[in-house]
Every structure is written in structure tokens, then in C-alpha cells.
Amino acid sequence: MDEVFQFHEDMQADIPSLDKDLQEFLIKVKEVHILFDDYVAQYNQLYTSYSYAIQHMAELTKEVRVWDCFWKEPNL
């Protein structure tokens, strides 16, 4: 345990105070985890929607190329 405590005043720490600090820290970690989980869910939804839109744009582009011969200006 001596390696854990580098200073003498650390060895005299109040255990209930450390417990309270640890509980507060764990609450914050849980809040960050929930926030990160929400972020990942929203990012996944955005990525899925974006992928869907890109795929349909590619299909539309392929279908529109059929009409290129009508839309191009004639070479004079």
C-alpha cells in the first residue's frame, strides 16, 4: 500500500469522504456513459439515413444517364 500513497497526508484520508468522492465519480461516469450511448444511437441513425440517401442518389444518377442524349445540346 505504500506505493499507492505517495504522501503522508494521503495515508490519513477520511474513508467516508473517499467513499463519497467515489460515489460522485461513479455517478458522473454513468452520466457520461448514458450521454455517449445516446450519441452513438443518434450517429447510427444519421449514418443509416445518409447511406440510404447516397444509395438512392447513385441509383437516380444511373437512371438519369439514359436521358443524356436528349438533354445534351447538339454539336453545331
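Residues numbered from 1 in each chain as written. Predicted model: local features only at pLDDT ≥ 70, side-chain atom pairs only at ≥ 80, totals over all residues. Heavy atoms only, no water.

A. Structural context of the packing of aromatic side chains. For the structure shown, the criterion picks out two aromatic pairs. Between Y39 and Y43, the ring centres sit 6.3 Å apart and the planes meet at 25°, which makes this aromatic pair stacked. Of the two residues, Y39 and Y43 both sit in helix α2 (residues 15–64), four residues apart, roughly one turn of that helix. What makes Y43 partly exposed here is its relative accessible area of 47%. Every member of this aromatic cluster is reached through a ring pair, and the members are F36, Y39 and Y43. (Phe/Tyr/Trp six-rings, centres within 6.5 Å; stacked < 30°, edge-to-face > 60°. Helix = DSSP H or I, 4+ residues; strand = E, 2+ residues; numbered from the N terminus. Buried < 20%, exposed > 50% of the residue type's maximum accessible area, 1.4 Å probe, protein only.)

B. Just the pattern of salt bridges, in detail. Under the counting rule described, the total for this entry stands at two salt bridges. Of the charged contacts in the structure, one is a salt bridge between E24 and K20, with a shortest N-O distance of 3.8 Å. With E24 and K20 both in helix α2, this residue pair falls four residues apart, about one helical turn. Judged by its relative accessible area of 40%, E24 is partly exposed. Where K28 meets E31, a salt bridge forms, and the shortest distance between an N and an O atom there is 3.5 Å. Taken together, the positions of K28 and E31, both in helix α2 and three residues apart, correspond to about one turn of that helix. Taking the relative accessible area as the measure of exposure, E31 reaches 42% and is therefore partly exposed. (Salt bridge = Lys/Arg side-chain N within 4 Å of Asp/Glu carboxyl O.)

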